[in-house]
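Working through the structure, step by step
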Amino acid sequence: MSSQPEAIEPLAVEYPGGSYSVLVGSGLLERLGPLVRALGTAIADRFLLVTDENVEPLYADPVLRSLQSAGYRASVFVLPAGEGSKQLSQLSDVYQACVQRGLDRRSAILALGGGVVGDVAGFAAATFLRGLPFVQIPTTLLAMVDSSIGGKVGVDLPQGKNLVGAFKQPLAVFVDTACLSSLPARQLRAGAAEIAKAALLSGDACLVDVERLAHSVETHGWISTETSPLLLRAVRAALLCKRDIVVADPFEQGPRALLNLGHTFAHAIEVWSRYEIPHGEAVALGILCALRLSHARGLCEPALVTRIHALLNRLRLPVKLARAGLCAHEILACMQTDKKRKGTALRFILLRQPGAAFIEDSVGEAEVLAVLRELDPKPSSDRS
Ligand SMILES: NC(=O)c1ccc[n+]([C@@H]2O[C@H](COP(=O)([O-])OP(=O)(O)OC[C@H]3O[C@@H](n4cnc5c(N)ncnc54)[C@H](O)[C@@H]3O)[C@@H](O)[C@H]2O)c1
Ligand SMILES: [Zn+2]
């Protein structure tokens, strides 16, 4: 993507007691100091920039330079890359760094990285000194369109993902799409699965845009002058979708569950695969399952299933599991364990058409098994 500054269009996210802006553009990192200054006096003094070992060499310097030129004191704390950092021991290291670098209530924590960094740094910001201002700079496509807004932060426990957490609203989110130029294709595809989900929740016009994006990616690749404007548009549309849903339900009491389209299947597939299937790929499979379930119940047209199957194929996201012999029962069992642990109903998001999703709590096991079986790469007649 071009690193030339583009016009910045802020997106306001309101929550009970406040609001924050999401700025989307290319080249924001270099302008971070003045952008933070423009937020007002909430951050008076010092920053701890939390990042990971992959992102630090790529993007920490311009951020530090820009903050320092704007008169802030800023230092960096680097986490190991990956989900393994979303644990209490790493969080404890972040707290230690906060103490050692002398953070006080006029200081702020800045998350520069993917969803892992955002979740850990955000939880540290929610809890250190009972809460410090927090700024998000998401650098993965998934973090840009999903995890950086909505205020959910937290860490994992050995017993499961995201079991310790808080709601911590950021002061601002700066989405610098230039960071996508270094992101591996697999991570871009993972973000694209969430973009496809957001488009399905938003409506046909957004879905058509994502189809155009997928076509451009197929022809010109992710990082090209042809694809960049389509990607920027898709990022904004997905952010708008998430913004509208989280504003309507800031503490996840009801309609925010719509953002889990495909995710009941996806989480079970991730657990079943022992996390060999990454989240974005599991979401792609989960979206297909949710659509097939909707179709089986006579809710949506079969053409929508075919259309999304083609879209995911174009984005090189999986539409089947890699190996034959899928045990649909095992995946269902993973779903049921999760349900038991959370004490919630087995909940699915079904779709009548793009833009018309709803929450369904009464889906039978046989229906779930039937759609899971369709993920098996072996034709059903071959199965014993
Ligand atoms: N809080 C929420 O609302 C929310 C929502 C969705 C997901 N999540 C969480 O987000 C996490 C997943 O986030 P993720 O997919 O961003 O994973 P991640 O943070 O692990 O990043 C993926 C990989 O990309 C690297 N990376 C990041 N930016 C890069 C860049 N610009 N160039 C090159 N490499 C880069 C990272 O170092 C890492 O290796 C999960 O823990 C999930 O639970 C949270
Ligand atoms: Zn997701």
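Quick caveat, the model's predicted, so the values are computed rather than measured. (Residues numbered from 1 in each chain as written. Chains lettered and ligands numbered in written order. Predicted model: local features only at pLDDT ≥ 70, side-chain atom pairs only at ≥ 80, totals over all residues. Heavy atoms only, no water.)

Take the pairing of strand 7 (residues 152-157) next. Pairing of strand 7 with strand 8 (residues 160-167), which is carried by five bridges, proceeds in the antiparallel orientation. Across the sheet, residue Gly154 finds its bridge partner in strand 8, namely Gly165. What sits between strand 7 and strand 8 in their antiparallel hairpin is a turn of two residues. (Pairing = 2+ DSSP bridges. Helix = DSSP H or I, 4+ residues; strand = E, 2+ residues; numbered from the N terminus.)

Turning our attention to the coordination of the zinc ion (ligand 2). Note on the zinc ion (ligand 2): its protein donors are Glu194 (OE), His263 (NE2) and His279 (NE2). The metal-donor distances range over 2.0 to 2.1 Å. Read in sequence order, the donor residues coordinating the zinc ion (ligand 2) give the pattern E-x68-H-x15-H. Of this pair, His263 sits in helix 9 (residues 263-272) while His279 sits in helix 10 (residues 279-296), and the two are 16 residues apart along the sequence. Accessibility expressed as a relative area gives 6% for His263, which makes it buried. (Donors = N, O, S within 2.8 Å, 3.2 Å for Na, K, Ca; no water. Buried < 20%, exposed > 50% of the residue type's maximum accessible area, 1.4 Å probe, protein only.)

In this structure, the second largest pocket occupies an estimated 190 Å³ of space. Taken together, Trp272, Ser273, Glu276, Ile277, Glu281, Leu285, Pro318, Lys320, Leu321, Ala322 and Arg323 make up the lining of the second largest pocket. Considered class by class, the residues forming the lining of the second largest pocket number six nonpolar, one polar and four charged. (1 Å grid on protein atoms, 1.4 Å probe; cavity = no way out; pocket = protein on both sides within 12 Å on 5 of 7 lines; lining within 4 Å. Points joined across faces, edges and corners; volume = space filled by probe spheres on them. Nonpolar A, V, L, I, M, F, W, Y, C, P; charged D, E, K, R; others polar.)

On to the packing of aromatic side chains, then. A full pass over the atoms with the stated rule returns five aromatic pairs. Centroid distance Phe167 to Phe251: 5.3 Å. Interplanar angle 85 degrees. Geometry classified as edge-to-face. Pair noted here: Phe167 is in strand 8 and Phe251 is in the loop between helix 8 (227-248) and helix 9, with a separation of 84 residues, a long-range link. The partly exposed category is assigned to Phe251, whose relative accessible area is 40%. Judged by centre distance (5.1 Å) and plane angle (50 degrees), the ring pair of Phe265 and Phe348 falls under tilted. Here Phe265 is found in helix 9, whereas its partner Phe348 is found in strand 10 (residues 348-353), with 83 residues between them in sequence. Over the ring of Tyr72 we find Arg37; its NZ or CZ atom is 4.1 Å from the centre of that ring. (Phe/Tyr/Trp six-rings, centres within 6.5 Å; stacked < 30°, edge-to-face > 60°. Lys NZ or Arg CZ within 6 Å of the ring centre and 35° of its normal.)

This part covers the nonpolar core. Most often, soluble globular proteins have nonpolar side chains that are buried together. In terms of nonpolar packing, the biggest core is built from 112 residues, with Val22, Phe47, Leu112, Leu141 and Phe174 touching the most fellow members. When residues in this core are grouped by element, the largest group, 10 residues, is from helix 10. Summarising the domain contributions, this core has at least three residues from each of domain 1 (9-182) and domain 2 (185-382). Core analysis: the second largest hydrophobic core is formed by 22 residues, Val94, Ala97, Ala121 and Val155 among them. (Core = buried A, V, L, I, M, F, W, Y, C linked by side-chain atoms within 4.5 Å. Domains from an automatic or database assignment.)

Next up on the list: helix 7 (residues 204-220). Residue pairs three or four apart in sequence face the same way in an α-helix, which turns once every 3.6 residues. Here helix 7 contains 17 residues, and its C-alpha end-to-end distance of 24 Å stays within 8% of the 24 Å for a straight helix at 1.5 Å per residue. In this fold, the buried residues of helix 7 make contact with helix 6 (185-202), helix 8 and helix 11 (302-314). A positive backbone phi angle near 85 degrees is found at Gly221, which sits one or two residues after helix 7. (Expected span 1.5 Å × (residues − 1). Contact = heavy atoms within 4.5 Å.)

With 13 residues, helix 11 should cover 18 Å at 1.5 Å per step; its first-to-last C-alpha distance of 19 Å lies within 8% of that length. Among the residues of helix 11, Leu304, Val305, Ile308, Leu311 and Leu312 are the ones counted as buried. Within helix 11, the buried residues cover an arc of 125 degrees as seen down the axis, which keeps them to one side. Across from the buried face of helix 11, at angles greater than 90 degrees, the exposed residues are Ala303 and Thr306. Where helix 11 is buried, its residues touch helix 6, helix 7, helix 10 and strand 10. Count one or two residues on from helix 11 and you reach Arg316, which has phi positive near 60 degrees. (Arc of directions from axis to C-beta.)

Counted by the stated rule, this structure contains 21 salt bridges. As a salt-bridge pair, Asp45 and Arg73 come within 3.0 Å of each other at their nearest N and O atoms. Pair noted here: Asp45 is in the loop between helix 1 (32-37) and strand 3 (46-52) and Arg73 is in strand 4 (residues 73-79), with a separation of 28 residues, a long-range link. Arg73 sits in the partly exposed class, given a relative accessible area of 44%. For Arg106, the salt bridge identified is with Asp104, shortest N-O distance 2.8 Å. The structure contains a network of salt bridges with shared partners spanning Glu83, Lys86, Asp119, Asp156 and Lys161. (Salt bridge = Lys/Arg side-chain N within 4 Å of Asp/Glu carboxyl O.)

Interface size is commonly expressed as the accessible surface area that is lost when the partners come together. For the protein, the assigned domains are domain 1 (9-182) and domain 2 (185-382). Each of domain 1 and domain 2 has a C-alpha centre, and these two points are 27 Å apart. Contact with domain 1, which involves 25 residues of that partner, is made by 28 residues of domain 2. It is Leu11, Leu141 and Val145 in domain 1 that bury the most area against domain 2; as a group they hold 24% of the surface buried on that side. At the boundary of domain 1 with domain 2, the tally comes to two salt bridges. In this assembly, domain 1 and domain 2 are joined by five residue pairs in polar contact (both at pLDDT 80 or more). Broken down by secondary-structure element, the contributors of at least two residues to the side of domain 1 that touches domain 2 are strand 1 (9-15), strand 2 (18-25), helix 5 (141-147) and strand 8. Here the residues of the side of domain 1 that touches domain 2 sort into 15 nonpolar, five polar and five charged. (Buried area = accessible area lost by both parts, 1.4 Å probe. Polar contact = N/O pair within 3.5 Å; in protein donor to acceptor, adjacent residues only side chain to side chain.)

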